[in-house]
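Commentary on secondary and tertiary structure
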Amino acid sequence: MSLLVVGSVAFDAVETPFGKRERMLGGSATHFGLSASFFTDVRVVGVVGGDFGAEEMSVFEGRGIDTGDLERVADGKTFFWRGRYEFDLNTAHTLDTQLNVFADFQPKLSEASRGARMVFLGNIQPDLQREVREQVRGAELVALDTMNYWITSVPDAVKAAISAVDVVIINDAEARQLSGEPNLIRAARAILSWGPRALVVKRGEYGAAMFTDGAYFAIPAYPLESVFDPTGAGDTFAGGFMGYLASQDVADEAAMRRAIIFGSVMASFNVEEFGTERVQRLTHEEINERFAAFKRMTHFEEIPFERAAQATK
Ligand code: AMP
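Residues numbered from 1 in each chain as written. Predicted model: local features only at pLDDT ≥ 70, side-chain atom pairs only at ≥ 80, totals over all residues. Heavy atoms only, no water.

1. Things to note about the site of the ligand
Condition: Throughout this document, a residue counts as near a molecule or strand when at least one of its heavy atoms sits within 4 Å of that molecule or strand. What qualifies as a polar contact is a pair of N or O atoms within 3.5 Å, subject to a donor-acceptor requirement within protein and to the restriction that residues adjacent in sequence count only when both atoms come from side chains. Under the convention used here, a 1.4 Å probe and the Shrake-Rupley method define accessible areas, while residue burial counts only the protein chains that appear.
In the region of the ligand, 18 residues are neighbours, and Asp-12, Gly-27, Asn-123, Gly-232 and Asp-235 sit closest. The separation between a nitrogen atom of the ligand and a polar side-chain atom of Ser-8 is 2.8 Å. In the environment of the ligand, an oxygen atom lies 2.7 Å from a nitrogen or oxygen atom belonging to the backbone of Gly-232. Computed on the free molecule, the ligand has an accessible area of 510 Å², of which 88% lies beneath the protein chains in the complex.

2. Concerning the sheet that holds strand 3 (residues 19–26)
Where we set the bar: Two strands are said to pair when DSSP picks up at least two bridges between them. Secondary structure elements are taken from DSSP: a helix is a run of H or I of four residues or more, a strand is a run of E of two residues or more, and numbering for both begins at the N terminus. Whenever a helix is involved, its axis is fitted only over the stretch in contact; in every case the axis is a line through C-alpha atoms, and angles between N-to-C directions fall within 0 to 180 degrees.
Sheet architecture is open: four strands sit in the order 3-2-6-7, paired in mixed fashion. Every other strand in the sheet has two partners, leaving strand 3 and strand 7 (92–98) as the edge strands with one partner each. Direction aside, neighbouring strands of the sheet carry axes that sit 15 degrees apart on average.

3. Points about the pairing of strand 7
One ladder, built from six bridges, connects strand 6 (residues 79–85) with strand 7; its direction is antiparallel. Following the sheet pairing, Trp-81 is matched in strand 7 by Thr-97. Connecting strand 6 to the antiparallel partner strand 7 that follows it, the hairpin turn spans six residues, and Leu-89 within it adopts a positive phi of roughly 60 degrees.

4. Some remarks on the packing of helix 1 (residues 28–36) against helix 9 (residues 233–246)
How two helices sit against one another is set out by the angle between their axes and by the gap between those axes. To keep it simple, the criterion reads: Oblique is the label for any angle not covered by the other classes, which are roughly parallel (under 35 degrees), roughly antiparallel (over 145) and roughly perpendicular (65 to 115). Definitions for this section: a left-handed crossing has its near helix turned counterclockwise from the far helix by less than a right angle. A right-handed crossing has that turn clockwise. Here, residues are in contact when the closest pair of their heavy atoms is within 4.5 Å. Classification convention: Asp, Glu, Lys, Arg as charged; Ala, Val, Leu, Ile, Met, Phe, Trp, Tyr, Cys, Pro as nonpolar; all other residues, Gly among them, as polar.
Where helix 1 meets helix 9, the closest approach of the two axes is 7 Å, and the angle between their N-to-C directions is 40 degrees. Relative to helix 9, helix 1 is oriented oblique. With respect to the hand of their crossing, helix 1 and helix 9 are arranged in right-handed fashion. Contacts between helix 1 and helix 9 pair Ser-28, His-31, Phe-32, Ser-35 and Ala-36 from the former with Asp-235, Thr-236, Ala-238, Gly-239, Gly-240, Met-242 and Gly-243 from the latter. Its residues assigned to classes, the contact of helix 1 with helix 9 shows four nonpolar, seven polar and one charged.

5. Some remarks on the sheet that holds strand 10 (residues 167–171)
Overall, mixed pairing links the nine strands, which are arranged 5-4-1-8-9-10-11-12-13 in an open sheet. Strands at the two margins of the open sheet, each flanked by one partner only, are strand 5 (66–73) and strand 13 (215–219). On average, adjacent strands in this sheet sit at an angle of 15 degrees to one another, irrespective of strand direction. Judged from the five bridges that link them, strand 11 (residues 198–202) and strand 12 (residues 208–212) form a sheet pairing that is antiparallel.

6. Some remarks on the pattern of salt bridges
To keep it simple, the criterion reads: Salt bridge criterion: a side-chain nitrogen from Lys or Arg within 4 Å of a carboxyl oxygen from Asp or Glu. Partly exposed describes any residue whose relative accessible area lies between the buried limit of under 20% and the exposed limit of over 50%, with all areas from a 1.4 Å probe on protein chains only and scaled to the type maximum.
For the coordinates displayed, the defined rule picks out 16 salt bridges. The partner of Arg-281 in a salt bridge is Glu-273, with the nearest N and O atoms 2.2 Å apart. Arg-281 gets classed as partly exposed once you look at its relative accessible area, which sits at 47%. Of the charged contacts in the structure, one is a salt bridge between Glu-286 and Arg-278, with a shortest N-O distance of 3.0 Å. For Arg-278, a relative accessible area of 7% translates into the label buried.

7. Quick word on helix 9
Convention followed: Any helix carries an expected span of 1.5 Å times its number of residues minus one.
A rise of 1.5 Å per residue sets the reference length of helix 9, with its 14 residues, at 20 Å; its end C-alpha atoms lie 20 Å apart and thus fit the reference within 8%. Taking burial as the measure, the 14 residues of helix 9 include 13 buried ones, the bulk of the element.

8. A word on the side chain of Thr-212
Secondary-structure assignment places Thr-212 in strand 12. Using a relative accessible area of 11% as the deciding quantity, one classes Thr-212 as buried. Among the polar contacts made by the side chain of Thr-212, one reaches the side chain of Glu-253 at a distance of 3.3 Å. With residues up to four places along the chain from it excluded, the contact list for Thr-212 reads Leu-192, Arg-197, Ala-198 and Glu-253.

9. As for the packing of aromatic side chains
Quick note on the threshold: Only centres within 6.5 Å qualify two rings of Phe, Tyr or Trp (six-membered ring in Trp) as a pair; their planes then separate them into stacked at under 30 degrees, edge-to-face at over 60, and tilted for everything else. Ring-over charges, as used throughout, are those where CZ of Arg or NZ of Lys falls within 6 Å of the ring centre and within 35 degrees of the ring normal.
On inspection of all chains with the given rule, the structure shows 14 aromatic pairs. Between Phe-228 and Phe-274, the aromatic rings sit 5.8 Å apart at their centres with planes inclined by 80 degrees, giving edge-to-face as the arrangement. Of this pair, Phe-228 sits in the loop between strand 13 and helix 9 while Phe-274 sits in the loop between helix 10 (253–270) and helix 11 (277–280), and the two are 46 residues apart along the sequence. Among the aromatic side chains, those forming a connected cluster through ring pairs are Phe-39, Tyr-244, Phe-262 and Phe-291. The ring of Phe-38 has Arg-63 sitting right over it, with the charged end atom 3.7 Å from the ring centre.

As structure tokens, this is what we get:
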């Protein structure tokens, strides 16, 4: 067992300039798990209600995801989120959040889950993230995501959860909001000073960046002509990032750089269609092709500029 994710499993209602869905499978753990399942064994910890049916479960089963720790509250309703995106698709406007069964969720980890080598604390109440962190003391690497909803309502709890993990994976607006620093570099330095060894910043259509103590790495996003629905892009990114890391023997800086590419590759597929639709029928060939495209896209030769070289002679 290598990768554990705790997070929301949800029904989403989403509207973008290109269409809408009234009820589709969503949630941070769902998007993360599907994405990571292309790289490693995944186990999901979460909760759903009696309205979560066989069709939804089959999406997890279809990707070989272990749902043994996905609790089911028969007389409750599954977490529900409704969001809308403007024309530029960069910001999600939350129109409705119904915690439902999530309101009383107490994550209970089985023995197998506690032995996970790597753990992703997906977007849920930060105190719950810390409780899960406590239960996986032996994990080699623990990462966390959060969102403005929690940063606004319980900032101290978010900060405490961040202090207990190795890697933070958030978007740029969240990094600024969390640290109170408008400049991203200063924001990163502030967040790293709370304890984590790496901060990965998702920047939507502008790509992603990684800050570690003394190092910086950034890549653009894959240039897509048609983006349909960004819901879940962040979690799909995290799934590719963590899934790839979990498939490697060592999670050093070089592996984390490759993991950022895989995260970006997975996110780029996710936004091509609504919800989990595209990732559900993705193939390893498609993933590898897009990884190679990223390499070509970001490669340049190290040849000194002729006039500058002459001037230094
Ligand atoms: P993202 O990857 O950031 O686009 O996350 C999208 C997913 O987050 C959606 O599928 C929602 O179900 C889920 N979500 C939205 N709000 C919350 C919340 N407050 N807590 C947990 N999950 C949420």
